[in-house]
Amino acid sequence: MVGYDPRAESKALSPEEAALAGSASGFVTRAMISPLDVIKIRFQVQIERVSSRCPQGKYSGLWQASRCILGEEGVTAFWKGHVPAQLLSVCYGAVQFASFQFLTEFVHKSTPYSSQTADVHFVCGGLAACSATAVCQPLDTLRTRFAAQGEPKVYHTLRHAVSTMYRTEGVPGFYRGLTPTIIAVFPYAGLQFFFYNVFKNVWLQPKEPGARGNLQNLLCGSCAGVLSKTMTYPFDLFKKRLQVGGFEKARECFGQVRSYRGFVDCAVQIAKEEGARGFFKGLSPSLVKAAMSTGFTFFWYELFCSALCRLKEN
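Now for a quick tour of the structure.

**Some points on the overall build of the chain**
Step number 1: Regarding its fold elements, the chain presents 10 helices and zero strands.
Step number 2: Order of helices (α) and strands (β) in the chain, N terminus to C terminus: α-α-α-α-α-α-α-α-α-α.
Step number 3: In terms of principal-axis extent, the alpha carbons of the chain reach across some 55 × 45 × 35 Å.
Step number 4: For the chain, the proportion of contacts with a sequence separation of at least 24, taken over those separated by at least 6, is 80%.
Step number 5: Put simply, the chain shows about 14100 Å² of open surface, and 65% of that area lies on carbon and sulfur atoms.
Step number 6: Averaging the positions of the 34 positive and the 22 negative side-chain charges in the chain gives two centres separated by 5 Å.

Right, dumping it as structure tokens:
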């Protein structure tokens, strides 16, 4: 039910209904995967090598980082930045799935291509994600700042963060990292929708109803998330490094800090100082997060879409 399906015209969702299902899916999924997101961001913005065999920085591995954050900052630290993160997830899910529903319907009705082919899902998924990114980038930057700061906190509330960033960095501060985000989000989201379509149509025929079908949606989404994240991961790291620019004071307790002049300078400095492995810092928690996030996003989206269809029938 992801995207416009001409075989189920009577059950087809409007973009508004897709937005509702997408926002609900984003809300539930975000609450579940927030701890992994916090750990991933801490790894990404750490300059020193992340390695359990040869620890150099504050964090050296997934379990070590979990214990360290829990011991120093308490369990609530795993939900740092949760309010802007939830706003981001709800807004992003609504815009992305509404745009995807609209684009796939437009392609099917206005071009000779079918809306349910994997290549159409790749293009429409990428464009839908770019639309959502342009709308939600300020929330993503706020979420990253909250998750990356240690103790004592630089930003105490969402309102304080917004006012401080606006006063010290201006409007461009909210759009730090937008270039690598746009470059990365098209193939990343496009590949998510592409692989999800492929797995559902190749692996899981015939489609199973009920609980078994929902489990299959979760499995297909998880595999799609892992593959797409691995293929586009360095761009996500560039984005996080750029988003914490101008935020060096809050990062001093974690180790070395760096300032970057832009996307290219960020990539060059990482390559020189940290080597090829530097581009994949935080990959392990990121893949776990991607499997859960993408899997549950599609799982909950399909579930909420089915619920909306049943309500329409009644």
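Now that the structure has been shown, the text picks up again.
**Looking at the layout of surface pockets**
Step number 1: By volume, the second largest pocket is sized at about 430 Å³.
Step number 2: Lining the second largest pocket are 23 residues, with Arg49, Val50, Ser51, Arg277 and Lys281 positioned closest to its centre.
Step number 3: Mapped onto the lining of the second largest pocket, the elements with two or more residues apiece are α9 (263-274) and α10 (283-313).
Step number 4: A class-by-class count of the residues in the lining of the second largest pocket yields six nonpolar, nine polar and eight charged.

**Side note on the packing of aromatic side chains**
Step number 1: Within this structure, the stated rule accounts for 19 aromatic pairs.
Step number 2: Ring geometry for Phe97 versus Phe193: centroids 6.0 Å apart, planes at 70 degrees, classification edge-to-face. Residue Phe97 is located in helix α3 (residues 82-110), and its partner Phe193 is located in helix α6 (residues 178-202); the two are separated by 96 residues in the primary sequence.
Step number 3: The class for Phe97 is buried, based on a relative accessible area of 2%.

**Topic: a nonpolar patch on the surface**
Step number 1: Taken together, the side chains of Leu70, Val75 and Trp79 make up a nonpolar region of the molecular surface, amounting to roughly 280 Å² of accessible area.
Step number 2: Judged by its relative accessible area of 36%, Trp79 is partly exposed.

**Remarks on α6**
Along an α-helix, residues three or four apart share an orientation, since each turn contains 3.6 residues.
Step number 1: In a regular helix each residue adds 1.5 Å, so 25 residues correspond to 36 Å; α6 covers 35 Å between its end C-alpha atoms and thus fits that length.
Step number 2: If you look at α6, its biggest bend is around 30 degrees, right at Val185, and the proline Pro187 turns up within four residues after that.

**Let's talk about empty space enclosed by the protein**
Step number 1: Throughout the structure, instances matching the rule amount to three cavities of 30 Å³ or more.
Step number 2: Taken as a whole, the largest cavity spans an internal volume of roughly 770 Å³.
Step number 3: Secondary structure elements with two or more residues in the lining of the largest cavity: α1 (15-44), α3, α4 (118-148), α6, α7 (210-243) and α10.
Step number 4: The residue makeup of the lining of the largest cavity, split by class, is 15 nonpolar, 15 polar and nine charged.

**Describing the side chain of Gln116**
Step number 1: Along the chain, Gln116 falls in the loop between α3 and α4.
Step number 2: What makes Gln116 buried here is its relative accessible area of 19%.
Step number 3: For Gln116, the side chain forms a polar contact with the main-chain oxygen of Tyr4, separated by 2.7 Å.
Step number 4: Ignoring sequence-local partners within four residues, the contact set of Gln116 consists of Val2, Gly3, Tyr4, Asp5, Pro6, Arg7, His121, Asn197 and Asn201.

Reading guide: rules and limits
Residues numbered from 1 in each chain as written. Predicted model: local features only at pLDDT ≥ 70, side-chain atom pairs only at ≥ 80, totals over all residues. Heavy atoms only, no water. Helix = DSSP H or I, 4+ residues; strand = E, 2+ residues; numbered from the N terminus. Contact = heavy atoms within 4.5 Å. Areas by Shrake-Rupley, 256 points an atom, 1.4 Å probe, with all protein chains shown as cover. Lys, Arg positive; Asp, Glu negative; His and termini not counted. Charge placed at Lys NZ, Arg CZ, Asp CG, Glu CD. 1 Å grid on protein atoms, 1.4 Å probe; cavity = no way out; pocket = protein on both sides within 12 Å on 5 of 7 lines; lining within 4 Å. Points joined across faces, edges and corners; volume = space filled by probe spheres on them. Nonpolar A, V, L, I, M, F, W, Y, C, P; charged D, E, K, R; others polar. Phe/Tyr/Trp six-rings, centres within 6.5 Å; stacked < 30°, edge-to-face > 60°. Buried < 20%, exposed > 50% of the residue type's maximum accessible area, 1.4 Å probe, protein only. Patch = residues over 30% accessible without salt bridge, like charges linked within 9 Å, V, L, I, M, F, W, Y side chains within 5 Å. Salt bridge = Lys/Arg side-chain N within 4 Å of Asp/Glu carboxyl O. Expected span 1.5 Å × (residues − 1). Bend = angle between axes of the 7 residues up to and from the residue. Polar contact = N/O pair within 3.5 Å; in protein donor to acceptor, adjacent residues only side chain to side chain.

Purely spatial values, then, with no claim about function.
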